[in-house]
Amino acid sequence: MWNEGSTIGTAAFFADFVPTDVTKFSLTNNETFKDQVTKANVWLSEQRDILLVACETVEFKVRSGGYVDLQRTTYKESRSERTYIAYGLRLWVRSSGKQEGKPGPQLCYYNIIPSISYSSESEDQLSAMNRFNATCQQKPFPGRVVSIETLKSKLHGGSGIDADRTVSRERGEEKTRYIMIMRIYFEKGATELPPRGTVGFKDFIPQHGQTHTEAVGQVSFWLQQGSLRGYQVTNIQTVPVKEKSGEATSNLSIRSTYTEHSNSNTYYIKILRIYYVKYEGFAPPPDAYLTSKAFYPTYSEVYETASSMRSRIGAWVATTGVKLISIETVPTRVGHSEERRLGYEAMRTHNHSDRCETWEYIVWVYIDGEYAEPPANVIRPPPRHVKEVDDCAIL
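These figures come from a predicted structure and were not determined experimentally. (Residues numbered from 1 in each chain as written. Predicted model: local features only at pLDDT ≥ 70, side-chain atom pairs only at ≥ 80, totals over all residues. Heavy atoms only, no water.)

Student: Quick question: what am I supposed to make of unusual backbone geometry here?
Tutor: At Asp49, a residue that is not glycine, the phi angle is positive and equals roughly 55°. Within the element layout of this structure, Asp49 appears in the loop between helix 1 (33-46) and strand 2 (50-63). (Helix = DSSP H or I, 4+ residues; strand = E, 2+ residues; numbered from the N terminus.)

Take a look at the structure:
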């Protein structure tokens, strides 16, 4: 029942599934997220002896001609022109280390959508998850919980919420309202009988000046106190939360809607959200000792490709023999005030209302236990992280 993706000594790598032939004129006519899961299941069925580590929704910029360049590790959002974003499925997998010829696992998912009210306070994220847990008392999960994530989805006035839409149109000079939904990924058939259980999350809000790595240490200390004893950690996610003057951040982190303004900067704090599950009839695993490792795209005149970055991550995981908890991909702004100082470790950021924005993909690997970096003659350390780059270098 536990995360078999924690098998040590084998490389971890990702596979992406995105909508093809994107039409920018009728966004609802594009492939759905369910279509991406279907494509992923076909791919998984063709693989042999692999294990699921994590599943996540990743944002990709749609290029001219309606295609997504999966080799890009950076992108730019324009302020005055429209930027089209595709939401794809990224699977993190690794070899089981066995030679059994066993087909890969199969996925399904469930969207938890908070109830929205335009006249009063909307249902918050915690209440929405509790509502999901209440329904699970009557029926079992469809399989093992692989990952849980929180993601934003644009609110389109009175047209309702389409959580499975995969293409969005962004424009910096337009005010945009978002809803935060949760998505649970299940591995079907992981046990003989469908498991029953409950899921939950705990938010960790960084202090001013605290880095991502320091925040992970705070989570690890909490776990070591036995605060989650009896539960299994499924994954950790970096979630941007809009800051609002006069309201406690602890309340803001579970709010289900927010607005990004066009005539003023919008400020965000990045919280660490740890997701967990408790299965009925299964003994829980030992408490995890959480550590982390960041991978950023290297830069030398041009940015490193996704294939190169994937190879570096896989080689590092295999060489160190770490026990994986989860992996996440975090689109991170480049060159803003906090990012200039702390780079990808920054836990505060803001949306500029009057200029275009550059993003890079940071991959955070979450590990159970301490690790030692391989010698430089085994894996060469990457070049220094570039915290700011000329906007003209990124398209």
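Student: I tried to follow helix 5 (residues 306-320) on my own but got confused; where do I start?
Tutor: The periodicity of an α-helix, 3.6 residues per turn, causes residues three or four places apart in sequence to face the same way. Between its first and last C-alpha, helix 5 extends 21 Å over 15 residues, near the 21 Å set by a 1.5 Å rise per residue. Along helix 5, the positions that sit buried rather than exposed are Ala306, Met309, Ile313, Gly314, Trp316 and Val317. The arc that holds the buried residues of helix 5, viewed along the axis, is 165°, so those residues lie on one side. On its buried face, helix 5 sits against strand 1 (12-17), strand 5 (83-95), strand 14 (290-295), strand 17 (324-333) and strand 19 (357-368). Gly321 occupies a position one or two residues after helix 5 and carries a positive phi of about 65°. (Expected span 1.5 Å × (residues − 1). Buried < 20%, exposed > 50% of the residue type's maximum accessible area, 1.4 Å probe, protein only. Arc of directions from axis to C-beta. Contact = heavy atoms within 4.5 Å.)

Student: Looking at this structure, how should I read the packing of aromatic side chains?
Tutor: Aromatic ring pairs are reported here in terms of the distance separating the ring centres and the angle at which the planes meet. Enumeration over the complete set of coordinates arrives at 22 aromatic pairs. Aromatic side chains Tyr110 and Phe132 sit 5.2 Å apart centroid to centroid with 35° between the ring planes, which places their arrangement in the tilted category. Pair noted here: Tyr110 is in strand 6 (residues 106-112) and Phe132 is in helix 2 (residues 125-136), with a separation of 22 residues, a long-range link. The rings of Tyr110, Phe132, Phe141, Phe186, Tyr279 and Phe282 are connected pair by pair, giving a single aromatic cluster. Sitting above the plane of the Tyr231 ring, Lys278 keeps its charged end 5.4 Å from the centroid. Here the basic side chain of Arg310 rests over the ring of Phe14, its NZ or CZ set 5.3 Å away from the ring centre. (Phe/Tyr/Trp six-rings, centres within 6.5 Å; stacked < 30°, edge-to-face > 60°. Lys NZ or Arg CZ within 6 Å of the ring centre and 35° of its normal.)

Student: Even after reading the chapter, I still don't get the nonpolar core, so can you show me in this structure?
Tutor: Ranked by size, the top nonpolar core spans 27 residues in total, and within it Phe132, Phe141, Val145, Ile184 and Val199 carry the most contacts. Breaking this core down by element, the ones donating at least two residues are strand 6, helix 2, strand 7 (143-154), strand 9 (176-188), strand 10 (197-204), strand 11 (232-242) and strand 13 (266-279). In terms of residues, this core owes the most to one element, strand 13, which gives six residues. Those residues in contact with Val145 that sit more than four places away from it in its chain are Ile184, Tyr185, Phe186, Val199, Thr234, Val277 and Tyr279. (Core = buried A, V, L, I, M, F, W, Y, C linked by side-chain atoms within 4.5 Å.)

Student: Can you help me understand the environment of Phe201 in this one?
Tutor: Structurally, Phe201 is set in strand 10. A relative accessible area of 9% places Phe201 in the buried class. The residues touching Phe201, leaving out its near neighbours within four places in the chain, are Gln125, Leu126, Met129, Met182, Ile254, Arg273, Ile274, Tyr275 and Tyr276.

Student: Can you help me understand empty space enclosed by the protein in this one?
Tutor: Picture a little ball the size of a water molecule; that probe, rolled over the atoms, points out where space is still empty. Under the defined criterion, the tally for this structure stands at five cavities of 30 Å³ or more. Size it by volume and the second largest cavity reaches roughly 80 Å³. Lining the second largest cavity are Phe14, Phe60, Leu70, Arg72, Thr73, Arg90, Ala306, Met309, Ile313, Thr329, Tyr361 and Val363. Taken together, the elements giving at least two residues each to the lining of the second largest cavity come down to helix 5 and strand 19. Counting residues per element, the lining of the second largest cavity draws most heavily on helix 5, at three residues. In terms of residue class, the lining of the second largest cavity is made up of eight nonpolar, two polar and two charged. (1 Å grid on protein atoms, 1.4 Å probe; cavity = no way out; pocket = protein on both sides within 12 Å on 5 of 7 lines; lining within 4 Å. Points joined across faces, edges and corners; volume = space filled by probe spheres on them. Nonpolar A, V, L, I, M, F, W, Y, C, P; charged D, E, K, R; others polar.)

Student: Is there a simple way to explain the pattern of salt bridges in this structure?
Tutor: As a working rule, side chains carrying opposite charge can pair if their charged atoms are close by. Summed over the entire model, instances satisfying the criterion amount to 14 salt bridges. Here Asp16 and Arg90 are joined by a salt bridge, their closest N and O atoms 2.7 Å apart. Taken together, the positions of Asp16 in strand 1 and Arg90 in strand 5 put the pair 74 residues apart, joining distant regions of the chain. According to the relative accessible area criterion, Arg90 is buried, its value standing at 5%. (Salt bridge = Lys/Arg side-chain N within 4 Å of Asp/Glu carboxyl O.)

Student: Can you walk me through the environment of Tyr231 in this structure?
Tutor: Along the polypeptide, Tyr231 turns up in the loop between helix 3 (212-224) and strand 11. For the pair Tyr231 and Gly200, spaced 31 residues apart in sequence, the C-alpha separation works out to 9.5 Å. Ignoring any residue separated from it by four or fewer positions in sequence, one finds Tyr231 in contact with Thr198, Tyr276, Val277, Lys278, Pro284 and Pro285.

Student: I'm lost on the environment of Thr10 in this one. Help?
Tutor: Its location among the elements puts Thr10 in the segment before strand 1. Separated by 311 residues in sequence, Thr10 and Gly321 place their C-alpha atoms 7.1 Å apart. With sequence-adjacent residues up to four places away left out, Thr10 is seen in contact with Arg94, Ser95, Gly97, Val317 and Ala318. From its side chain, Thr10 meets the backbone oxygen of Ser95 in a polar contact 3.0 Å long. (Polar contact = N/O pair within 3.5 Å; in protein donor to acceptor, adjacent residues only side chain to side chain.)

Student: How should the pairing of strand 2 be read in this particular structure?
Tutor: Look at any regular strand and the pattern is simple: side chains alternate between the two faces of the sheet. The element strand 2 is extensively covered by neighbouring structure, given that 14 of its 14 residues are classed as buried. Bridge count for strand 2 against strand 5 is 11 bridges, and the pairing is antiparallel. Across the sheet, Val58 pairs through a bridge with Gly88, a residue of strand 5. The hairpin turn running from strand 2 into strand 3 (residues 67-68), its antiparallel successor, is three residues long, and Gly65 in that turn takes a positive phi close to 90°. (Pairing = 2+ DSSP bridges.)

Student: How do you make sense of the pairing of strand 11 when you look at a structure like this?
Tutor: Most of strand 11 sits inside the fold, with nine of its 11 residues counted as buried. When strand 11 meets strand 13, the two strands line up antiparallel, connected through 10 bridges. Residue Val239 lies in a different strand from strand 13, and its bridge partner there is Ile271.

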